[in-house]
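These are the residues of each chain, in order.
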Amino acid sequence: MITPDDDLASRHTIPRWLSIKDAIATGEFASFSQKTKERGQSDLLKSAAHNFLNTEFEKRKAAWLSTGDWYEAEELISFALVANTWNDSVVLRAAESLTRSDVSNDTIKGFARRFLAGALSPDSTPLPINEAEMRLEIGRRKKLLRLNPRDALRLTETALLHANLGQLKPSEALIERALMLQPNDRYVLRSAARFFVHANQPERAITVLARSGRTLDDPWLNAALLATEAAHGRSPRGWKRAKALLRDDRFTDRDLSELAAQMGTLEIDGGSRKQALRLLRKSAISPTENAVAQIAWVGTHSHVFEPEEFLTNLSLSHEASARSAYHNRAWSDALSESEAWHEIERFSTRPAIFGSFVASIAGSSLGRGIALAEAALVANPTNPMLLNNLAVLHAYKDDVDAARAALERAVASSRELTPSLLATGGLIAFRSGDATEGMNGYRAAIEKAAQSKNADQALRAYCFLGREVARIDIDTASDFVQNIDRAIDRLKKTGHSIPQEVSLIRDELASTKLSFGEAGWGPLGNIDMSKVMDFLSD
């Protein structure tokens, strides 16, 4: 069985860990002193990077022209590489000054000489998107960092490449160096917090954010701190200060979007709906991609409002778009958006878990689902949910050997045999031709879900069981439909929303148009399905 990742989880505005260029585009590098009239959301995304790069580049040029200091020259050259302005005449003069400087050390002089010789080139493309390219890029960046080891931003961005490859130790080492060099830099701090959450070190993430003097006065960092604390069971600190930041005229609506979204989420959780809606509406004025995803998630899961009531453009967030497409049964769109979401944070498991789940539902994009799961396994090779999903997709492609191998890895990496793992074992047994063992696997999954009082998981497992049984004996489909209908009625009376895949498989069975055809193994005979559904129909 396969499930979406947020089936049992909450969501908070824990920062995205982005490349420098992507972080600039979202507004993360913007200065508080330059509040401008708010424009449309897509206009802001398009212009933010250009405006920041031009403004910041001119500032650094002016700083060097004013002081002639070697440190300012080095800073100007480093930024020119990011901003793609390395051939500016002032930048070249700054580099020449470094080669003649008595105060700069030999490493920095070598950096300047290589720069002038054209050995270095600007980062004109985003971070690489496949493993081979990332490994090549890491090698190139090591050379850059040897030439300029004090570049905290480049250290942080290189750490992201290591995290994307699952190399947590070198990633952590680079993050720690960046924090020592720039302990109050917003990009460094938010990236560090996201890294430590990913590395299952949430207390370090909280400590890094809390000990910075900038966090209390920076809404981007304040949002990260509140989100990280909430996601890991800590009571939020500095609530009054956070509310004061929302009223501070120094900040644009973009600066405040993630903070307002996180505070709105906490108000929803605390039962303060009126206050929560006010905060979430504020967050939606000029939201970051992360804020769009948060607002959409809160609306969908709280049932207090529809995301479209607040958000004029869900397409600003691939995550939000993926979930919206899922709820609308637009399976192809949901998978495409999941793939794009994965590109934002390749080290994260959530996009791939969700996307591989979507790929399994209609069964028309199994290869893409496998590719997405395998891409995420590069950074998370022992994640049991990813491995379970991979096993399901291979089973649906009738590659039983690959399915078994993936399931064995999932079981070895899991603390217990979850309902999902038990059901996947049942699926593989069915696809191997052992219907009795397949039924036993699904029965065990349903019973385990019932023991933990998780009716959604139990009903989902029952639906996937029905799909397998009806492939063998189509006459059983009507019995499954009746049981599913009873379960749906029961769950609706208790206020449960019905997962889309449950409705899809129910309709499949009702129309006898099954996604994968019939196997022709003969009738199941004496298998008694009534016991399996006892707890749902009582």
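About the cut-offs
Residues numbered from 1 in each chain as written. Predicted model: local features only at pLDDT ≥ 70, side-chain atom pairs only at ≥ 80, totals over all residues. Heavy atoms only, no water. pLDDT = per-residue confidence, 0-100. Helix = DSSP H or I, 4+ residues; strand = E, 2+ residues; numbered from the N terminus. Contact = heavy atoms within 4.5 Å. Core = buried A, V, L, I, M, F, W, Y, C linked by side-chain atoms within 4.5 Å. Buried < 20%, exposed > 50% of the residue type's maximum accessible area, 1.4 Å probe, protein only. Patch = residues over 30% accessible without salt bridge, like charges linked within 9 Å, V, L, I, M, F, W, Y side chains within 5 Å. Areas by Shrake-Rupley, 256 points an atom, 1.4 Å probe, with all protein chains shown as cover. Salt bridge = Lys/Arg side-chain N within 4 Å of Asp/Glu carboxyl O. Lys, Arg positive; Asp, Glu negative; His and termini not counted. Charge placed at Lys NZ, Arg CZ, Asp CG, Glu CD. Expected span 1.5 Å × (residues − 1). Phe/Tyr/Trp six-rings, centres within 6.5 Å; stacked < 30°, edge-to-face > 60°. Axes fitted to C-alpha atoms, helices over the stretch in contact; angles between N-to-C directions. Parallel < 35°, antiparallel > 145°, perpendicular 65-115°, else oblique. Left-handed = near helix turned anticlockwise from the far one by under 90°. Nonpolar A, V, L, I, M, F, W, Y, C, P; charged D, E, K, R; others polar.

### Topic: the confidence of the model for the protein chain
Stage number 1. Per-residue pLDDT for the protein chain has a mean of 85; in total, 85% of the residues score no lower than 70.
Stage number 2. For the protein chain, helix α28 (residues 534-537) is the element with the lowest average pLDDT, namely 53, and helix α9 (residues 186-198) is the one with the highest, namely 97.
Stage number 3. Across residues 515-529, confidence stays below pLDDT 50; counting only partners more than four residues off in sequence or on other chains, it has 32 contacts.

### A word on the nonpolar core
Stage number 1. With 68 residues, the main nonpolar core has Leu465 and Leu509 as its most contacted residues.
Stage number 2. Looking at this core, the element that brings in the most residues is helix α25 (residues 455-472), giving 11 residues.
Stage number 3. Counting 37 residues, the second-largest nonpolar core is a separate cluster that includes Ala178, Val208, Leu225 and Phe347.

### Notes on a positive patch on the surface
Stage number 1. On the surface, Arg114, Lys142, Lys143 and Arg146 cluster together into a patch of positive charge.
Stage number 2. At three residues, the largest contribution of residues to the positive patch is made by helix α6 (residues 131-147).
Stage number 3. Mapped onto the fold, Lys142 is located in helix α6.
Stage number 4. Taking relative accessible area as the criterion, Lys142 reaches 46% and is therefore assigned partly exposed.

### Observations concerning helix α15 (residues 289-302)
Every α-helical turn comprises 3.6 residues, leaving residues that sit three or four positions apart pointing alike.
Stage number 1. When the terminal C-alpha atoms of α15 are compared, their 20 Å separation across 14 residues agrees well with the 20 Å that a helix rising 1.5 Å per residue should span.
Stage number 2. Most of α15 is tucked away: 12 of the 14 residues are buried.
Stage number 3. Among all positions in α15, only Glu289, Asn290, Ala291, Val292, Ala293, Gln294, Ile295, Ala296, Trp297, Val298, Gly299 and Ser302 are buried.
Stage number 4. Considering only its buried residues, α15 is in contact with α1 (20-26), α13 (253-269), α14 (273-283), α16 (307-310), α17 (318-327) and α18 (331-344).
Stage number 5. Phi turns positive, to about 60 degrees, at His303, one or two residues after α15.

### Side note on the pattern of salt bridges
Stage number 1. According to the stated counting rule, one finds 34 salt bridges in the structure shown.
Stage number 2. With its nearest N and O atoms 2.8 Å apart, the salt bridge here joins Glu339 to Arg368. Taken together, the residues Glu339 in helix α18 and Arg368 in helix α20 (residues 366-377) connect sequence positions 29 residues apart.
Stage number 3. Ionic contacts of the salt-bridge type, sharing partners, join the residues Arg11, Arg16, Arg194, Glu289, Glu319, Arg323 and Glu345 into one network.

### Remarks on the packing of aromatic side chains
Stage number 1. Per the stated rule, a full pass over the model turns up 12 aromatic pairs.
Stage number 2. Residues Phe305 and Phe310 carry aromatic rings whose centres are separated by 4.3 Å and whose planes lie at 15 degrees to one another, so their mutual orientation is stacked. Like Phe310, Phe305 is buried.
Stage number 3. Between Phe430 and Tyr442, the aromatic rings sit 6.0 Å apart at their centres with planes inclined by 45 degrees, giving tilted as the arrangement. With Phe430 in helix α23 (residues 419-431) and Tyr442 in helix α24 (residues 435-451), this residue pair connects regions lying 12 residues apart in the sequence.
Stage number 4. A relative accessible area of 0% means that Phe430 is categorised as buried.
Stage number 5. Accessibility expressed as a relative area gives 1% for Tyr442, which makes it buried.
Stage number 6. Cluster of aromatic residues (ring-pair linked, three or more members): Tyr326, Trp331, Trp341, Phe354 and Phe357.

### Comments concerning the packing of helix α8 (residues 168-181) against α9
Stage number 1. Interhelical geometry of α8 versus α9 gives an angle of 150 degrees and a closest axis separation of 10 Å. When the axis of α8 is compared with that of α9, the two are roughly antiparallel. Crossing of α8 against α9: the hand is left-handed. Here α8 contributes Leu168, Ser171, Glu172, Ile175, Ala178 and Leu179 to the contact with α9, which in turn contributes Val188, Leu189, Ala192, Phe195, Phe196 and His198.
Stage number 2. Grouping the constituent residues of the contact of α8 with α9 by class yields nine nonpolar, two polar and one charged.

### Considering unusual backbone geometry
Stage number 1. Even without being glycine, His303 reaches a positive phi, approximately 60 degrees.
Stage number 2. Tracing the backbone shows His303 in the loop between α15 and α16.
Stage number 3. What makes His303 exposed here is its relative accessible area of 55%.

### A closer look at the environment of Asn164
Stage number 1. Within the element layout of this structure, Asn164 appears in helix α7 (residues 152-164).
Stage number 2. For Asn164 and Glu345, which are 181 residues apart along the polypeptide, the C-alpha to C-alpha distance reads 7.8 Å.
Stage number 3. Once residues within four sequence positions are removed from consideration, Asn164 is found in contact with Met134, Arg346, Phe347, Val378 and Ala379.

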